[in-house]
Amino acid sequence: MLGKRQRAPREDDGPSHTKRQCIPEAFSAPPSIPADTRDRLSSLSDEIVIRVLSYLPISTLLDVSLVSRYFNRLASDSQIWRALYYSRFVLPRALRIPGFRDGSKKHGSRLHYSARRAVWTDGASGTRGGLVDMRRSNADGDTPSVNWKRQYKLRHNWARGKATVEELDVTGHETAPKRTLVKVVEGIAVTADASSGLRAWDLRTKAQMVQIGLQDDHGQVPEPTCLAVDDQLLGEKKLDVCLGFLDGSFGVWRLDLRRNEMERRYRHVKSSNGQLIGVSYQHPFLLTATDSVLVSLYDFDGAFHDRKSASDESDEPDESDEPVKDDATKGGRLLPAPVLMTSLKSHSSRAPLALSIRRMVSSVVASIAYTFPNRQGWSIGIQDLHIRQSRTDGPKVASSRLAYTLPVCSTQAHASPAVPASQAEGSSRPPNSTALPDGPTRLCYSHPYLLATLPDNTLVLHVCTSNATALSISPGIRLWGHTSGISDAEITARGKAVSVSCRGEEIRVWELEGRAGGNSIEVRPSMNLEEKGLDGGEEELTAREDEWDDRRNWVGFDDEMVIVLKEARDGRESLVVYDFT
């Protein structure tokens, strides 16, 4: 039987109410759109779409993220960017380690990506280096996931030298010439000068956090000459700051980042040994050096151990021992007077020198890197003091090791015997007068890397090898790239270094780990004349001349930023922040 024929629509009929075929939206498309451009991804689950996007190259993946909010969220998923981060930054570094390329013979497996790994041997770009922990915990015990797209962008910008530049004025109210000291730790800049005192700055907000004066017990303010920061309590949002002064005194302050407070914990009296030119502090040990190369090692826990031993030997309690407690020396507000563990004196060493303290599994190593002249030229020496814990007497210097480099001179002669930094004070050995004027101008030591800057616009890199019985220094590798005099440099334990020239805003980033050559990336962003209110011509030329007269006196960096201390002709100082995020 034939079905009923539908009536043809007429002009006076209203809207049509005929039924439409139920066609799935994913397969329906206007006739004008070709079949190969239909949306076939929206009907899939997020997990499948993320798996599809993981096969795209980075340029296409970034284009897909601009399609819609939905695709932006999926294209930014950390599962995708974690694998990309591994392929570009972690795997090439691991392949430079001997034995990793062919896989472990013991386990018989090649190096491969695994999303279940909790820790990668990476080191990112910062000063801590070494590991990337996917199980990061905050103060509340939560374990937030890592933003791997942001990490990838950060490392990519470091590799290309791409950064935004901002300037932070740290001169204060007084514009008189002064010397400002700076250290940077995890986005926090600590500055010290005689007029403004000790200050902490948040480099992300460009705001001053806290300020405290540097007056001693007699109300005098000596000029600070060296600065060190102990970040052992950074997980608790605390930093310990140690300052050395022109009159030979030193002091320790604690910065509380949660409460934005700073308090003085200890202040040492001035000394007749001369000004301090270097300090290194990791509680409870403090290493200082004077301009006459007198190196002293202090222990803040020594007073506690001495008093404890005396109390144990005594049969009757002593009331004077009661105020001294464990928390008073390790976590309290005030520190007792430190105990001098050893003092080293050299009559042939000269500046520059570098001090460092690092913790090992069974000991603490205090290192002194210094320069000394010899008949063929000059050399660099390193002396390690191994500090071991004693059950009865507390920490003691158990051993000392010495290593030195071959002389640097035009004839490349063989090395002469090195002069140890630990010559007894009062030695009759006369100072060596054969020092060459082309010796190092700056030493940076972060084990195992020793970096020296030279007057000929180059750097020299040495790798130190240390074990339980020996210490050695590899031959130097000359690093070329700077076109003007190098003002300062800094290097981390992962082999990442940043150097800055005295003028011209020439900054170079060096990736030195596992590489025989000295390749570097130049960071020299152009200045925006519109932000300065200039339109070219004579004003532009004058501005460039003023920038050329400015000096760059110091450089430091962390995971995200490079900070340069700039001094203008009128004496005003500012921190130039290069942000790689």
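Structural notes, computed from the coordinates. This structure is a prediction, so every number in the text was calculated from the model and none was measured. (Residues numbered from 1 in each chain as written. Predicted model: local features only at pLDDT ≥ 70, side-chain atom pairs only at ≥ 80, totals over all residues. Heavy atoms only, no water.)

Describing the overall build of the protein
In plain terms, the rule: The helix and strand labels rest on DSSP assignments: H or I over at least four residues marks a helix, E over at least two residues marks a strand, and numbering proceeds from the N terminus. Buried residues are those whose accessible area, probed at 1.4 Å on protein chains only, stays under 20% of the maximum for their type, while exposed residues exceed 50% and partly exposed ones sit between those limits. We call two residues in contact when some of their heavy atoms are within 4.5 Å. Reported accessibility uses the Shrake-Rupley method at a 1.4 Å probe radius. Residues are deemed covered only where the shown protein chains occlude them.
Across its full length, the protein carries nine helices and 31 strands. Burial analysis of the protein (581 residues in total) assigns 43% to the buried set. Counting contacts in the protein only where the partners sit at least 6 residues apart, residues at least 24 apart contribute 51% of the total. Of the roughly 32,100 Å² that the protein leaves accessible, carbon and sulfur atoms contribute 50%.

Considerations on helix H4 (residues 78–95)
Let me state the cut-off plainly: By this rule the span expected of a helix is its residue count minus one, scaled by 1.5 Å. Bend, at a single residue, is the angle you get between axes fitted to the 7 residues ending at that residue and the 7 residues starting at it. Two N or O atoms count as a polar contact when they lie within 3.5 Å, although within protein this holds only if one can serve as hydrogen donor and the other as acceptor, and sequence-adjacent residues are included solely when both atoms are side-chain atoms.
Under the 1.5 Å per step criterion, the end-to-end length of H4 is 24 Å for 18 residues, consistent within 8% with the ideal 26 Å. Of all the bends in H4, the greatest, near 40°, is centred on tyrosine 86. Along H4, the residues classified as buried are Ile80, Trp81, Arg82, Leu84, Tyr85, Tyr86, Phe89, Val90, Arg93 and Ala94. With a side-chain oxygen lying 2.9 Å from the backbone nitrogen of glutamine 79, the N-terminal cap of H4 falls on aspartate 77.

Considerations on a nonpolar patch on the surface
Here is the rule: Patches were defined on residues exceeding 30% relative accessible area and lacking a salt bridge, with like-charge contacts within 9 Å and nonpolar side-chain contacts (Val, Leu, Ile, Met, Phe, Trp, Tyr) within 5 Å. Here a salt bridge means any side-chain nitrogen of Lys or Arg lying within 4 Å of a carboxyl oxygen belonging to Asp or Glu.
Taken together, the side chains of Leu44, Ile48 and Val52 make up a nonpolar region of the molecular surface, amounting to roughly 210 Å² of accessible area. Along the chain, isoleucine 48 turns up in helix H1 (residues 46–53). Of the residues examined, isoleucine 48 reaches a relative accessible area of 44% and is grouped as partly exposed.

Some words on the packing of H4 against helix H5 (residues 148–160)
Heads up, the condition is: Lines fitted to C-alpha atoms define the axes here, with helix axes fitted over just the stretch in contact, and angles between the N-to-C directions of these axes take values from 0 to 180 degrees. Relative orientations are named as follows: roughly parallel for angles under 35 degrees, roughly antiparallel for angles over 145 degrees, roughly perpendicular for angles from 65 to 115 degrees, and oblique for any other angle. We call a crossing left-handed when the near helix sits turned anticlockwise from the far one by less than a right angle, and right-handed when that turn is clockwise. Only Asp, Glu, Lys and Arg are considered charged, only Ala, Val, Leu, Ile, Met, Phe, Trp, Tyr, Cys and Pro nonpolar, and every remaining residue, Gly among them, polar.
The interhelical angle for the contact between H4 and H5, taken along N-to-C directions, is 30°, at an axis separation of 8 Å. Judged on the interaxial angle alone, H5 and H4 are roughly parallel. Read as a crossing pair, H4 and H5 show a hand that is left-handed. Two secondary-structure elements touch here, H4 through Ser78, Trp81, Arg82, Leu84, Tyr85, Arg88 and Phe89 and H5 through Trp148, Lys149, Gln151, Tyr152, Arg155, His156 and Ala159. For the contact of H4 with H5, the per-class residue count stands at seven nonpolar, three polar and four charged.

Considerations on the sheet that holds strand S11 (residues 261–267)
Quick note on the threshold: Any two strands are treated as partners once DSSP identifies two or more bridges connecting them.
Taken in spatial order, the four strands of this open sheet run S8-S9-S10-S11, and their pairing is antiparallel. Pairing within the sheet leaves two strands with one partner each, and these edge strands are strand S8 (224–230) and S11. Neighbouring strand axes in the sheet, compared pairwise and without regard to direction, differ in orientation by 25° on average. One ladder, built from seven bridges, connects strand S9 (residues 238–245) with strand S10 (residues 250–256); its direction is antiparallel. Counted as the bridge partner of lysine 238 is aspartate 256 from S10.

So, the side chain of serine 484
The topology assignment puts serine 484 in the loop between strand S24 (477–479) and strand S25 (486–491). Reaching out from serine 484, the side chain makes a polar contact with the side chain of serine 501 at a distance of 3.5 Å.

Structural notes on the nonpolar core
Rules: To define a nonpolar core, start from buried Ala, Val, Leu, Ile, Met, Phe, Trp, Tyr and Cys residues and group those joined through side-chain atoms within 4.5 Å.
Counting 21 residues, the largest nonpolar core has Leu198, Leu243, Trp253, Leu255 and Met262 as its most contacted members. Ranked by the residues each element gives to this core, the list is headed by S9, at four residues. Setting aside anything within four residues of it in sequence, one finds leucine 255 in contact with Ile188, Ala200, Val210, Lys237, Lys238, Leu239, Glu261 and Met262. In terms of nonpolar packing, the next biggest core, distinct from the first, is built from 18 residues, Val49, Phe71, Trp81 and Val146 among them.

A word on the sheet that holds strand S12 (residues 276–282)
Spatially, four strands are ordered S12-S13-S14-S15 in an open sheet, and the strand pairing comes out antiparallel. What marks the edges here is a single partner per strand, and that holds for S12 and strand S15 (339–345). On average, each strand axis in the sheet is inclined to that of its neighbour by 15°, with strand direction left out of account. Where S12 and strand S13 (residues 285–290) come together, six bridges link them in antiparallel fashion. Pairing of glutamine 282 across the sheet is with phenylalanine 285, part of S13.

Comments concerning the environment of cysteine 464
Of note, cysteine 464 is situated in strand S22 (residues 459–466). Spatially, the C-alpha atoms of cysteine 464 and serine 446 are 9.6 Å apart, while their sequence positions differ by 18 residues. Once residues lying within four places of it in the same chain are set aside, the contact partners of cysteine 464 are Ile382, Tyr445, His447, Pro448, Leu450, Ser472 and Ile473.

Section: the side chain of histidine 462
Structurally, the position occupied by histidine 462 is in strand S22. There is a polar contact of 2.9 Å between the side chain of histidine 462 and the backbone oxygen of serine 474. With residues up to four places along the chain from it excluded, the contact list for histidine 462 reads Ile380, Thr405, Pro448, Tyr449, Leu450, Ile473, Ser474, Pro475 and Gly476.

Examining the pattern of salt bridges
Applying the stated criterion across every chain yields a total of 18 salt bridges. Close ionic contact of glutamate 522 with arginine 508 constitutes a salt bridge, the shortest N to O distance being 3.6 Å. Taken as a pair, glutamate 522 in strand S28 (residues 520–523) and arginine 508 in strand S27 (residues 507–511) lie far apart in primary sequence, 14 residues in all. Looking at glutamate 522, the relative accessible area reads 31%, which means it is partly exposed.

Details of the environment of valine 365
Counting through the fold element by element, valine 365 comes out in strand S17 (residues 364–373). On the basis of relative accessible area, valine 365 is assigned to the buried category, the value being 0%. What valine 365 contacts, discounting residues up to four positions off in sequence, is Ser356, Ile357, Arg358, Met360, Asp384, Leu385 and His386.

In short, shape yes, function no, at least from these values alone.
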